[in-house]
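Structural overview for review
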Amino acid sequence: MAKALVLGNSHVAAVKVAYDQNRTLFGDIAFFGATGLDLAFTTVEEGRIVGADRACLDMTILKHFSPEAKVEYLEKYLAQGRPSRAVGEQFQATGGSARIELGDVSAIFYVCGASPYDFARAGEGFAPISSGMRRVLLGESLDKQFLLRNQILALRAQRPGLRHYLVGSPLLARANVKADAVGMAAVRQKRAAIQDLARNYLFDDVFMPDEAVLEPNLVATRAEFFQSGREHALDFQRDAPEARKTDHYHVNGAYGLHVLSTFVAPRM
């Protein structure tokens, strides 16, 4: 079976933990990550992805790629114009090689960036959105404003058969806010519309978090999936051991196993 590549930022850790615990259930998968917004500092060479010293950055695109980041953090990237740490070093730490060789890779799964199903972060909440506006929003989030757009387009030109899938960052954990029947109908309609349209843009398919990992309101991840998630992320990135408390951004291996089983494995 051809190898799949899981590429992203710290959110890759959840899928890697699940894979390491269940290797016999899945095919050959490589995992590479670069923290925060550092994946912007990559370029495509013939048959490989490598780190770069510089990148053209835009605040709107940075906000979309790292929706949990504070403005000061994003402004630091814009001001310095370089990664927090050399991407080659991060690829070596997370994937065992300073560059990603794509010779036997048939599919790339991007575990990073905002999910188009993240209505809370997007400020939509339970409000309905017209089909025309949804197409505009998806054109931005799944194409024009995706941080790795140029890299994906370069890979499509080099390897037309290489498939690209977006997993995205997990929806945040929140209190189980109940919506009325009208609000829930709007959420379900929006999810169905995105699922129907998502393949029309940069990606071959987009992961839709479902009831197995979401609260009943379908706009937030259940709190149980964040236990030990930050610890997994720091271990994956080989980061310092301090500040290993649970947060509401990084999910754990149980969530990663759901992504592997329902989305990654069927597309390898």
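Bear in mind that the values here come from a model prediction, so they are computed numbers and not experimental data.

**A short note on the packing of helix α1 (residues 12–21) against helix α9 (residues 253–264)**
The geometry of a pair of packed helices is captured by two quantities: the angle between their axes and the separation between those axes. Running from N to C, α1 and α9 point in directions that differ by 80°, and their axes come no closer than 7 Å. Taken together, the axis directions place α1 and α9 in an arrangement best described as roughly perpendicular. Contacts between α1 and α9 involve Ala14, Val15, Val17, Ala18 and Tyr19 on the former and, on the latter, Gly253, Gly256, Leu257, Val259 and Leu260.

**Comments concerning the packing of aromatic side chains**
Enumeration according to the criterion identifies 13 aromatic pairs in this entry. Ring geometry for phenylalanine 32 versus phenylalanine 91: centroids 5.6 Å apart, planes at 80°, classification edge-to-face. Highlighted residues: phenylalanine 32 in strand β2 (residues 29–33) and phenylalanine 91 in helix α4 (residues 87–95), separated in sequence by 59 residues. In terms of burial, phenylalanine 32 and phenylalanine 91 fall into one category: buried. Ring geometry for tyrosine 110 versus phenylalanine 203: centroids 5.9 Å apart, planes at 65°, classification edge-to-face. One end of the pair, tyrosine 110, is in strand β6 (residues 105–111); the other, phenylalanine 203, is in the loop between α7 (181–197) and β8 (205–206), with 93 residues separating them in the sequence. The two residues tyrosine 110 and phenylalanine 203 agree in class, both being buried. These aromatic residues form a ring-pair network of at least three members: Phe65, Tyr110, Phe146 and Phe203. Looking at lysine 190, its charged tip hangs above the ring of phenylalanine 119, at a distance of 4.3 Å from the centre.

**Some points on the environment of aspartate 143**
Examined against the element boundaries, aspartate 143 turns out to sit in helix α5 (residues 131–144). Along the sequence, aspartate 143 and alanine 157 sit 14 residues apart, while their C-alpha atoms lie 16 Å from each other. Discounting chain neighbours no more than four positions away, the residues touching aspartate 143 are Leu138, Arg149, Tyr201 and Leu202. There is a polar contact of 2.5 Å between the side chain of aspartate 143 and the side chain of arginine 149.

**Structural notes on the sheet that holds strand β3 (residues 42–45)**
Ordered in space as β3-β4-β5, the three strands form an open sheet in which the pairing is antiparallel. In this open sheet, the two strands that pair with only one neighbour each are β3 and β5 (100–101). Here β3 pairs with strand β4 (residues 48–51) via four bridges, running antiparallel. Bridging across to β4, valine 44 finds its partner in isoleucine 49. Set on the sheet, helix α6 (residues 149–158) makes contact with β3 and β4; between it and β3 the angle comes to about 10°.

What counts, and where the lines are drawn
Residues numbered from 1 in each chain as written. Predicted model: local features only at pLDDT ≥ 70, side-chain atom pairs only at ≥ 80, totals over all residues. Heavy atoms only, no water. Axes fitted to C-alpha atoms, helices over the stretch in contact; angles between N-to-C directions. Helix = DSSP H or I, 4+ residues; strand = E, 2+ residues; numbered from the N terminus. Parallel < 35°, antiparallel > 145°, perpendicular 65-115°, else oblique. Contact = heavy atoms within 4.5 Å. Phe/Tyr/Trp six-rings, centres within 6.5 Å; stacked < 30°, edge-to-face > 60°. Buried < 20%, exposed > 50% of the residue type's maximum accessible area, 1.4 Å probe, protein only. Lys NZ or Arg CZ within 6 Å of the ring centre and 35° of its normal. Polar contact = N/O pair within 3.5 Å; in protein donor to acceptor, adjacent residues only side chain to side chain. Pairing = 2+ DSSP bridges.

By themselves these figures say nothing about function.
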